[in-house]
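Examining the three-dimensional arrangement
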Amino acid sequence: MYLLDVAETLINLGNLDQAQNRPTEARRAYDEARNDLRQVAQQNPSDRVSLDIAMTEVDLGNLEQMQNHLEEARGHYQKSADILVELVQHSPDLYLRDEAHILNNLARLETAENQLNQARQHLGTALEAFRQLAQQNRDKYLPDLALALNNLGNLDLAQMRPEAREHYEEALDDLRELEQKDVDTYLPDEARTLNNLGLLDAAQGRMDEARKHFEAALKIRDQLAQQNPDAYLEDKANTLRNLGMVNVDQKQINEGREHFEQALDIYRKRMGQNRDRYLPYVAKTLCDLAALDALQNQTEHARARYQEALGMYNELSVHDPGQYSVDIMRTALALAMLQRNATGK
């Protein structure tokens, strides 16, 4: 019994390490917890132990996805789903929420891998479960419903489906209802949904609305980052970059450069703690700034940024060639165009 307590303590420690951007320590804690749980399961099998093993696989999957190790993340999510299928078969009411969460995580990964039809199927099943649960106990399950709606909105956006706005706005309404009782817990989720609405606006060419949503999200995220930089600086940088895109589209080049540079500064500092996670963010933002440099005839600055970004994409492609092939081609092409414009050939 003590080994089970040790394992659950290790899981909590891993969660803390992950929240503090310490992936190596988090993985070590989760792996040790999983080994202990498997030992307990051999000696004294129970649904509780099986559920703990499944949730540890989810934690490991989340960690791998944050590191951009998508294949490894899928393996962990699939193992957790296999365990939950067995648990749900004999206790559906007890484990319906856990199964829905795993399907939600799996769909999030599938969206990142561009397996959109499969992601929609999993998200639809999860959303149906959360709606059912929220009807039974709204206060308890409304946060789960809001999360699933947000993720479905992201999938809709990826497929340019008109339902995206409906899903985001329903999620936003749910979150603001939850904030009436606990603003600190749900304010980060409101900021994420506002940011997502800004992305949708921008994709639809509604730049004034996009600016309003991004500025509202940035105001919240700036406040959160001041309180807990480890948890929220990345979110702030993402919204700064999004706002920079709007500025550039509206010909506010200097403001766009300022937002890109602020975002890049955050990403570079975070990369020192977790290179795998932040290397793609740094590379993308370098390309954003290089494009502005080229636009303003700052050719040498543009070349240096594109070359640095290309080196980063080549480094990333060692682990996952397919995921970054388009970025490598696009950056190499930008460099070639820059050279041609500079030489007139």
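What counts, and at which threshold
- Residues numbered from 1 in each chain as written.
- Predicted model: local features only at pLDDT ≥ 70, side-chain atom pairs only at ≥ 80, totals over all residues.
- Heavy atoms only, no water.
- 1 Å grid on protein atoms, 1.4 Å probe; cavity = no way out; pocket = protein on both sides within 12 Å on 5 of 7 lines; lining within 4 Å.
- Points joined across faces, edges and corners; volume = space filled by probe spheres on them.
- Core = buried A, V, L, I, M, F, W, Y, C linked by side-chain atoms within 4.5 Å.
- Buried < 20%, exposed > 50% of the residue type's maximum accessible area, 1.4 Å probe, protein only.
- Helix = DSSP H or I, 4+ residues; strand = E, 2+ residues; numbered from the N terminus.
- Contact = heavy atoms within 4.5 Å.
- Salt bridge = Lys/Arg side-chain N within 4 Å of Asp/Glu carboxyl O.

Moving on, we get to empty space enclosed by the protein. Here the structure, examined in full by the defined rule, presents 1 cavity of 30 Å³ or more. Taken as a whole, the largest cavity holds about 40 Å³ of empty space. Along its surface, the largest cavity is lined by Gln18, Asn21, Arg22, Pro23, Leu63, Met66, Gln67 and Asn274.

Let us look at the nonpolar core. Formed by 35 residues in total, the largest nonpolar core has its most connected members in Tyr267, Met271, Val282, Leu286, Tyr306, Met312 and Tyr313. When residues of this core are traced back to their parent elements, those giving at least two are α10 (207-227), α11 (229-249), α12 (253-271), α13 (275-295), α14 (299-319) and α15 (321-343). Broken down by element, this core gets its largest block of residues, 9 residues, from α13. Sequence-distant contacts of tyrosine 313, defined by excluding residues within four places in its chain, comprise Pro280, Ala283, Lys284, Cys287, Tyr324, Asp327, Ile328 and Thr331. Among the nonpolar cores identified, the runner-up in size contains 25 residues, and Leu116, Ala126, Ala171 and Leu175 belong to it.

A pair can form between side chains of opposite charge whenever their charged atoms are brought close. Applying the stated criterion across every chain, the model contains 32 salt bridges. Note that arginine 176 is salt-bridged to glutamate 190, the shortest N-O span being 3.1 Å. You can see arginine 176 sitting in helix α8 (residues 163-179) and its partner glutamate 190 sitting in helix α9 (residues 183-203), a full 14 residues away along the chain.

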